[in-house]
Amino acid sequence: MRYFLDTEFNGFGGALISVALVPEYGDQEFYASLPLPDHVHSWVQQHVVPYLRHVPPGIDHQLDRRQTAEHIAAYLEGDADAVIVADWPEDLAHFCALLVTEPARMVDINGLRLELINAAGFSAAVNSRVPHNALYDARALRDFCLGG
């Protein structure tokens, strides 16, 4: 199954702040927010931080990096053909880096494929119900890709 990915991070090249995966089918979504870095970029402080908790009850998880990676592995565990779809290369880079838990070790993933799409005409800022919230942005990407 395809899972639509979005992340929020602390400015260009900055630390991961939140990550979301929204499945192509069903409503079992994944969302986690990570602890904020000591210094938060001013744009991120204004446009991302206020929306980190704007998710439905029961889905918001504040986890550290390792816990987030382990939860992602558990979330994808039953899917032997997972495809992670993103419209921005840095989303995939943060996702892959998150799976590495320590030198030469990663979470136990049953294999997955990554797909970077050209989503011409898509803008999370325009299409998302809560722009700059990874969960809502991933939902908007899914809806855009599926024509919904």
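Residues numbered from 1 in each chain as written. Predicted model: local features only at pLDDT ≥ 70, side-chain atom pairs only at ≥ 80, totals over all residues. Heavy atoms only, no water.

Of regular secondary structure, the protein possesses five helices and seven strands. Starting at the N terminus and ending at the C terminus, the protein contains elements arranged as β-β-β-α-α-β-α-β-β-β-α-α. Against the globule reference of 15 Å for 148 residues, the protein gives a C-alpha radius of gyration of 14 Å, in line with a compact fold. Across its three principal directions, the C-alpha atoms of the protein cover 40 × 40 × 30 Å. Looking at the protein as a whole, 46% of its 148 residues qualify as buried. For the protein, the computed accessible surface area is about 7,800 Å², with 53% contributed by carbon and sulfur atoms. Of note, the protein has its 9 positive side-chain charges centred 1 Å away from the centre of its 20 negative side-chain charges. (Helix = DSSP H or I, 4+ residues; strand = E, 2+ residues; numbered from the N terminus. Rg over C-alpha atoms; globule rule 2.2 N^0.38 Å. Buried < 20%, exposed > 50% of the residue type's maximum accessible area, 1.4 Å probe, protein only. Areas by Shrake-Rupley, 256 points an atom, 1.4 Å probe, with all protein chains shown as cover. Lys, Arg positive; Asp, Glu negative; His and termini not counted. Charge placed at Lys NZ, Arg CZ, Asp CG, Glu CD.)

So, on to the pattern of salt bridges. Evaluation of the coordinates by the stated rule reveals six salt bridges. Here glutamate 70 makes a salt bridge to arginine 66, at a shortest N to O gap of 3.2 Å. With glutamate 70 and arginine 66 both in helix H2 (residues 65-76), this residue pair falls four residues apart, about one helical turn. Assessed through its relative accessible area of 39%, glutamate 70 is described here as partly exposed. Overall, arginine 66 belongs to the partly exposed group, its relative accessible area being 39%. One continuous salt-bridge network, built from bridges that share partners, spans Arg66, Glu70 and Glu102. (Salt bridge = Lys/Arg side-chain N within 4 Å of Asp/Glu carboxyl O.)

Relative to each other, H2 and helix H3 (residues 89-99) sit at 100°, their axes nearing to 8 Å. In terms of axis orientation, H2 runs roughly perpendicular to H3. Between H2, through Arg65, Thr68, Ala69, Ile72 and Leu76, and H3, the contact on the second element is made entirely by Phe95, Ala97, Leu98 and Leu99. Residues of the contact of H2 with H3, tallied by class, amount to seven nonpolar, one polar and one charged. (Axes fitted to C-alpha atoms, helices over the stretch in contact; angles between N-to-C directions. Parallel < 35°, antiparallel > 145°, perpendicular 65-115°, else oblique. Contact = heavy atoms within 4.5 Å. Nonpolar A, V, L, I, M, F, W, Y, C, P; charged D, E, K, R; others polar.)

The next point concerns the environment of glycine 111. If you trace the backbone, glycine 111 turns up in the loop between strand S6 (105-106) and strand S7 (112-116). Classification of glycine 111 as partly exposed rests on a relative accessible area of 34%.

This part takes up the packing of aromatic side chains. All chains considered together, the criterion is met by three aromatic pairs. Between phenylalanine 30 and tyrosine 75 the ring centres are 5.7 Å apart and the planes differ by 45°, which places this aromatic pair in the tilted class. Linking phenylalanine 30 in strand S3 (residues 30-33) with tyrosine 75 in helix H2, this pair joins segments that are 45 residues apart in sequence. An aromatic cluster is built from Tyr3, Phe30 and Tyr75, whose rings are joined through pairwise contacts. When the ring centre of tyrosine 136 is taken as reference, the NZ or CZ atom of arginine 139 above it lies at 4.9 Å. (Phe/Tyr/Trp six-rings, centres within 6.5 Å; stacked < 30°, edge-to-face > 60°. Lys NZ or Arg CZ within 6 Å of the ring centre and 35° of its normal.)

What follows deals with the nonpolar core. Grouped together as the largest cluster of nonpolar side chains are 22 residues, with contacts concentrated most on Leu5, Leu21, Ile72, Ile84 and Phe95. Looking at this core, the elements with two or more residues in it are strand S1 (2-9), strand S2 (16-23), S3, H2, strand S4 (82-86) and H3. Setting aside residues up to four positions removed in sequence, isoleucine 72 forms contacts with Val19, Leu21, Phe30, Phe95, Leu98 and Leu99. By size, the runner-up hydrophobic cluster in this structure holds 13 residues, among which are Ile17, Val22, Tyr31 and Leu135. (Core = buried A, V, L, I, M, F, W, Y, C linked by side-chain atoms within 4.5 Å.)

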